[in-house]
Each structure stands twice: as structure tokens, then as C-alpha cells.
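Chain by chain, the residues:
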Amino acid sequence: MFRSKALNLLKLIPLMSGQSNLAYKFIHPITASHGHRCHRSVIYKQRYRMCPRSAGRRTISAGTKVMAEEELPGVLILDIGGTHGVLEDLAALLKKHFHLITMKEFLGNKEEMSKKIQSVFVFECRPTIDRELLESLPNLKVIGNSGVGVDHLDLKMISSFGVKVTNTPHAVADPTADIGMALMLASARRLVEGCRIAVSPDTKYFAVDWLGVEVTRATLGIIGMGSIGYKVAQRARAFNMRILYHNRNQRRKEEEEAVGAHYCAKMEDLLQQSDFVMLIVNLTPETHKLIGKKELGLMKPTAILINISRGAVIDQDALTEALQNKVIRAAALDVTYPEPLPRDHPLLNLNNVIITPHIGTATVQAIHMMAEEAIANMLAVLNDQPIPSEVFPK
């Protein structure tokens, strides 16, 4: 369904001379409050004509004028480059379809810029979407989030302004599954700790009793068997792992059989049996501190906990205590709360924990695919077309 929607959307994407076909390829908080009001204006509507597709590309027909940047629908971003801004190559992608307006430009000329902004591109949870910002953007139609997690967005509040929210689940599944496997392997074989030993100037010899554990034929418990969880299961099958999973809904029998996964209706059953427990759930009120002292106590003392979802899914105080007291063997975390952790946080001083800087989707390919998917989503909304990846308030 996503593939067909995205292909249909190609007919609506305005391409500049020599521009490649967007979406054809992608199918395969430190934040500040911005409270400013602007005058209302009429809604701008795009019109353009395309030639038939040729050799996987679309070109503008001879009689069609290339739209100047100011004629394109405006998209608000925090900044281009710098510490928190949109990467420059992603900004170049956006410029092919939108008039880019940075937060600085918007705040410097609110009355004029508010008339142009029809969409907001959220990159790394920025810019902050609050009520004051929404009130200042009367023509806003869509917020395109780059990434799958939307816990930083108040969906009900945004929806009350008649604004749609989209995310990019199709672009993030593979790289996030990859980081989950990387963390499992690294924690099992103590790679980070081993690297420190190997390069330390104090190392005179390698201890023969310095041992890790094997992933092959071990039991992996996946909590959250969505698209990412299922891709983790596909990868784990290659290691001949026994795969258990807990999810709100059980997957179809043929899907389970394809990866050799067994459903656990109770999370407690999964925790008690697993050598590795991987968290891949959305952060919601129901999953906040899903793993606490009780859950950690149910795990094997030889088990390893891996989190590639959101930091607040784990009670970090309980995890620190469990790691210090050897309640579980180790933890591998791509996410924490907050990010980064305070430099004096006790988790940072433990040898049996690996912490990475939220890099689940931090690959060249994924970042570009997320931007392309977000662009396709935003253009679909602006052109009243089916939206490939819309997020609805619960």
C-alpha cells in the first residue's frame, strides 16, 4: 500500500531541471520556545504539469515554467547546519520542493513569513512545536517528522489546529534493526571494554579469563514486534537464535513461522526465558518505565538488556542498581533519558553498560531516505493526496 501511494505521489512532485525523481528511490532536545503571532493569509495552492515518465525520471514539459524559490510552498526549519540545524545536503533536497525558511528568518519577519509557511520539517526533534508557534502559523497544513518516534510532538494539540503529522517508518526500520544487532553482539562479546583494554597504555598482557558470551543459539526476547522488531527477528534467525516476542497484537502465523518467532502473551514469561531482551516499543504513557525493578528482577542474572526505543522506557535508577548488583549481566543502550546523560550519571561509570548517542538511524542512507519520505508526506498533504505515513492522535 505504501509503495503504491508513494508512486502515485510522484505525479505531484514538482521537479526542477535536471532533478532526480524523488520518492522513486526511497520506496525500495535542547529546544527553545517560539511564541509569536502573525496575521492570517490566503492558502497557496501549487499547480504544475508533468511530462510522461521516461527512464525512471520525470521532466517538466516544454510549456511549464520552473517555479522560482519564492513560489514554492514554504517549509519552516530550525536552521541549516550548525549544532542543531538540518544537514546541508538534506536542506538541498528540501530546496528542490520548498522555499526554506529558518526559525531566525521567521522570527525576524513574522508577518511576511507566516503567510508562506505551510509545513514544518522536524529534524532531530527540532524545531519545538508548541501552541504559540502553531498560533503564529495560520496556513500551516503539515508537520513532517524525520524519524518514526513522535513522542516529542503533542499530537492532540497539533490536530486541534487542523494540522496533520507524518513520520518516516519505512526509512528507519533497517538501520535501527542493524544497531540493535550491533549492540547485542558488542555487549555479548564485551567489545567496548575489550577495545579499552587493547589500546590502554597500562595493558601488559591479555587475560585468559576475560570472556564474553555467544549470541548464536541464545534466546532473544523482543518486546515490540513492529516493523523494526520483525527485521531484528529476521537478522537473529541467521544466528540460529530462539526468538520470543511480546507485542500488543500477535503476528500472523505465517509471519511467525518465517522467522521462527514464538509469541509470549505475558511479558514476564519472555523476561524469565531470554538471554537477551531487546526493547523496540514506542514511548507512550503505557510504556513509560516499562522495565523497572520488578521486571529486571525477573530476568536471568546472565541476561543482557538492549534498548533501541526511547530512554524513558526504562527506569534508569532501577537499571543502575541492577547493573551494580549483578542482577543482570549487562545493558546496551542507544537511548537514554535525558540525552545526553548528565556527565556525573552513575550509568556512565559502569563497565557492564554500553551507551551510544542515539545513532539507530545515523547512516548516510537512512538520513537521506527519511528526508525523502518526509518530503513525499508533506507534498501529499499539500496536494490533497493520500498520505503514505500519517500519524494520528490516540
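See the structure shown above.
Residues numbered from 1 in each chain as written. Predicted model: local features only at pLDDT ≥ 70, side-chain atom pairs only at ≥ 80, totals over all residues. Heavy atoms only, no water.

## Concerning the nonpolar core
In terms of nonpolar packing, the biggest core is built from 56 residues, with F121 and F276 touching the most fellow members. No other element matches the 10 residues that helix 8 (residues 169-188) contributes to this core. In terms of nonpolar packing, the next biggest core, distinct from the first, is built from 28 residues, I223, L305, A318 and L323 among them. (Core = buried A, V, L, I, M, F, W, Y, C linked by side-chain atoms within 4.5 Å. Buried < 20%, exposed > 50% of the residue type's maximum accessible area, 1.4 Å probe, protein only. Helix = DSSP H or I, 4+ residues; strand = E, 2+ residues; numbered from the N terminus.)

## Some details on the packing of aromatic side chains
All chains considered together, the criterion is met by 2 aromatic pairs. For the pair F121 and F123, a centre-to-centre distance of 6.4 Å together with 15° between the ring planes defines the contact as stacked. For the pair formed by F121 and F123, the shared burial category is buried. (Phe/Tyr/Trp six-rings, centres within 6.5 Å; stacked < 30°, edge-to-face > 60°.)

## A word on the pairing of strand 6 (residues 219-223)
A regular strand carries its side chains on alternate faces of the sheet. Burial runs high along strand 6: 5 of the 5 residues are buried. Alternating positions in strand 6 separate into two faces, T219, G221 and I223 on one and L220 and I222 on the other, with burial throughout. The sheet contact formed by strand 6 and strand 7 (residues 242-246) spans 5 bridges and is parallel. Paired with G221 across the two strands is L244, which belongs to strand 7. (Pairing = 2+ DSSP bridges.)

## Points about the sheet that holds strand 1 (residues 74-77)
Hydrogen bonds along the backbone pair up the strands of a sheet, which may run parallel or antiparallel. Taken together, 6 strands build an open sheet; the order of strands is 2-1-3-4-5-13 and the sheet is mixed. In this open sheet, the two strands that pair with only one neighbour each are strand 2 (99-102) and strand 13 (390-391). Of the strands in this sheet, strand 1, strand 2 and strand 3 (117-123) are in contact with helix 3 (residues 88-95), which crosses strand 2 at around 130°. (Contact = heavy atoms within 4.5 Å. Axes fitted to C-alpha atoms, helices over the stretch in contact; angles between N-to-C directions.)

## Some thoughts on the sheet that holds strand 9 (residues 276-279)
One open sheet holds the 7 strands; their spatial order is 8-7-6-9-10-11-12, and the pairing between them is parallel. The open sheet terminates on both sides in strands that have one partner only, identified here as strand 8 (261-263) and strand 12 (353-355). Each strand of the sheet is rotated relative to its neighbour by a mean of 20°, with strand direction disregarded. Sitting on the sheet, helix 10 (residues 227-237) touches strand 6, strand 7 and strand 9, and the angle it makes with strand 6 is about 170°.

## Quick notes on the pairing of strand 4 (residues 142-146)
Of all the 5 residues making up strand 4, 5 are buried; the element is thus mostly covered by neighbouring parts of the structure. Across the two faces of strand 4 the burial is the same, with V142, G144 and S146 and I143 and N145 all buried. Of the strand pairs in this sheet, strand 3 and strand 4 are connected by 5 bridges, and their pairing is parallel. Residue pairing in the sheet places F121 in a bridge with G144 of strand 4. Of the strand pairs in this sheet, strand 4 and strand 5 (residues 164-166) are connected by 3 bridges, and their pairing is parallel. The residue of strand 5 that forms the bridge with I143 is V165.

## Some points on the packing of helix 3 against helix 15 (residues 364-382)
Between helix 3 and helix 15, whose axes approach to 10 Å, the crossing angle comes to 25°. Taken together, helix 3 and helix 15 sit at an angle that is classed as roughly parallel. For the pair helix 3 and helix 15, the crossing hand works out as right-handed. Along the contact surface, helix 3 presents D89, L90, L93 and L94, while helix 15 presents I367, H368, A371, E372, I375 and M378. (Parallel < 35°, antiparallel > 145°, perpendicular 65-115°, else oblique. Left-handed = near helix turned anticlockwise from the far one by under 90°.)

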